[in-house]
Amino acid sequence: MRLVLASLSQQRTAWRHGYDLLKETGLSSGTLYPLLMRMTDQGLVEAEWRAPAQIGRPPRHVYRLTASGFALALELAGDMPVPSGKEGLA
């Protein structure tokens, strides 16, 4: 969930396709899409259908963070250790 929250929070108000999130997070579709559904049910993410960009293609879901999702992303980002830049120096 942290990966998805971090990815979505980079462009907080932008609608994102699941495929873009798959590439960005490295998660499998069997992990990402159920996670997005749970996050939508929890009010962290909103989802909507978009008409296809090309005729003959199916409609696609797009996702973006809600205010609650963004707040959680910020909270979790604060829990992550900040790199000191000194790793690997002897």
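Here the structure is a predicted model, which is why all the values come from computation and not from measurement.

Engineer: Help me out: how do you make sense of helix H3 (residues 29-41) in this one?
Structural biologist: Every α-helical turn comprises 3.6 residues, leaving residues that sit three or four positions apart pointing alike. Its 13 residues give H3 an end-to-end C-alpha distance of 18 Å, which sits within 8% of 18 Å, the value for a rise of 1.5 Å per residue. Considered for burial, the residues of H3 that qualify are Leu32, Leu35, Leu36 and Met39. The buried side chains of H3 occupy one side of the element, clustering within an arc of 105° when seen end-on. Exposed residues lying more than 90 degrees from the buried face of H3 are Gly30, Met37 and Asp41. Those residues of H3 hidden inside the fold are in contact with helix H1 (2-10), helix H2 (18-25), strand S2 (45-50) and strand S3 (60-65). Just past H3, the residue Gly43 takes up positive phi, approximately 80°.

Engineer: Help me understand the side chain of Ser7 in this model?
Structural biologist: Within the element layout of this structure, Ser7 appears in helix H1. Leaving out residues up to four positions away in the same chain, Ser7 has contacts with Arg16, Leu21, Glu24 and Thr25.

Engineer: Please explain the nonpolar core as it appears in this structure.
Structural biologist: Ranked by internal contacts, the top residues of the largest apolar core, which has 15 residues, are Val4, Met39 and Val45. Elements with a minimum of two residues in this core: H1, H2, H3, S3 and helix H4 (67-79). Here this core takes 4 residues from H3, the largest share from any one element. Once residues lying within four places of it in the same chain are set aside, the contact partners of Met39 are Met1, Val4, Leu5, Leu44 and Val45.

What counts as what
- Residues numbered from 1 in each chain as written.
- Predicted model: local features only at pLDDT ≥ 70, side-chain atom pairs only at ≥ 80, totals over all residues.
- Heavy atoms only, no water.
- Helix = DSSP H or I, 4+ residues; strand = E, 2+ residues; numbered from the N terminus.
- Expected span 1.5 Å × (residues − 1).
- Buried < 20%, exposed > 50% of the residue type's maximum accessible area, 1.4 Å probe, protein only.
- Arc of directions from axis to C-beta.
- Contact = heavy atoms within 4.5 Å.
- Core = buried A, V, L, I, M, F, W, Y, C linked by side-chain atoms within 4.5 Å.

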